[in-house]
Amino acid sequence: QVQLVESGGGLVQAGGSLRLSCAASGRTFSRYAMGWFRQAPGKEREFVGGISKSGGSTNYAESVKGRFTISRDNAKNTVALQMNSLKPEDTAVYYCAATIGIIMLRDNQYDYWGQGTQVTVSS
């Protein structure tokens, strides 16, 4: 069992930056690949990016590539999403999620979810 808690969301102007954090409970964090997803009003939840169990591999959606960076600290059971050059279309609730094994792209392939944190980017 893994419990995930996101933090760091808020309101930022276009072009600004935010850093989201996800804290995981349990002693098996390093067994899980971690993903970040987002859901904007009226839209389906979409994959933002993911990081492998060791942190040695990442994968990003084309819409955020070059602007967002995912990192993890297995000693602290945390994963972070650094978001730079934010755009109004990045406005959404952001979720972290955990899956055993490798990075997955679909939300139904993840076993554990945080409660989400709101990110709002004003123009």
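Whatever comes next refers back to the structure up there.
Undergrad: Please provide a residue-by-residue account of the state of the cysteines, values included.
TA: Here, disulfide denotes a covalent bond that connects the sulfur atoms of two cysteines. One pass over the structure, following the stated rule, counts one disulfide. Disulfide pairing places Cys-22 opposite Cys-96 at an S-S distance of 2.0 Å. Negative torsions about the S-S bond denote left-handed disulfides, and the value of about 55° found for Cys-22 with Cys-96 makes this one right-handed. Of the two residues, Cys-22 sits in strand β3 (residues 18–24) while Cys-96 sits in strand β9 (residues 92–100), which places them 74 residues apart along the sequence. Judged on exposure class, the residue Cys-22 and its partner Cys-96 are both buried.

Undergrad: Describe in detail the sheet that holds β3, supporting the description with residues and values.
TA: Here four strands make up an open sheet; going across it, the order is β1-β3-β8-β7 and the pairing antiparallel. Looking at strand neighbours, the two that pair on one side only are β1 (4–7) and β7 (68–73), the edges of this open sheet. With strand direction ignored, the average angle separating the axes of adjacent strands in the sheet is 15°. In this sheet, β3 lies alongside β1 in antiparallel orientation, the contact comprising four bridges. Bridge assignment links Val-5 to a residue of β3, and that residue is Ala-23.

Conventions we followed
- Residues numbered from 1 in each chain as written.
- Predicted model: local features only at pLDDT ≥ 70, side-chain atom pairs only at ≥ 80, totals over all residues.
- Heavy atoms only, no water.
- Disulfide = S-S within 2.5 Å.
- Helix = DSSP H or I, 4+ residues; strand = E, 2+ residues; numbered from the N terminus.
- Buried < 20%, exposed > 50% of the residue type's maximum accessible area, 1.4 Å probe, protein only.
- Pairing = 2+ DSSP bridges.
- Axes fitted to C-alpha atoms, helices over the stretch in contact; angles between N-to-C directions.

Function cannot be inferred from these measures alone, as they are strictly geometric.
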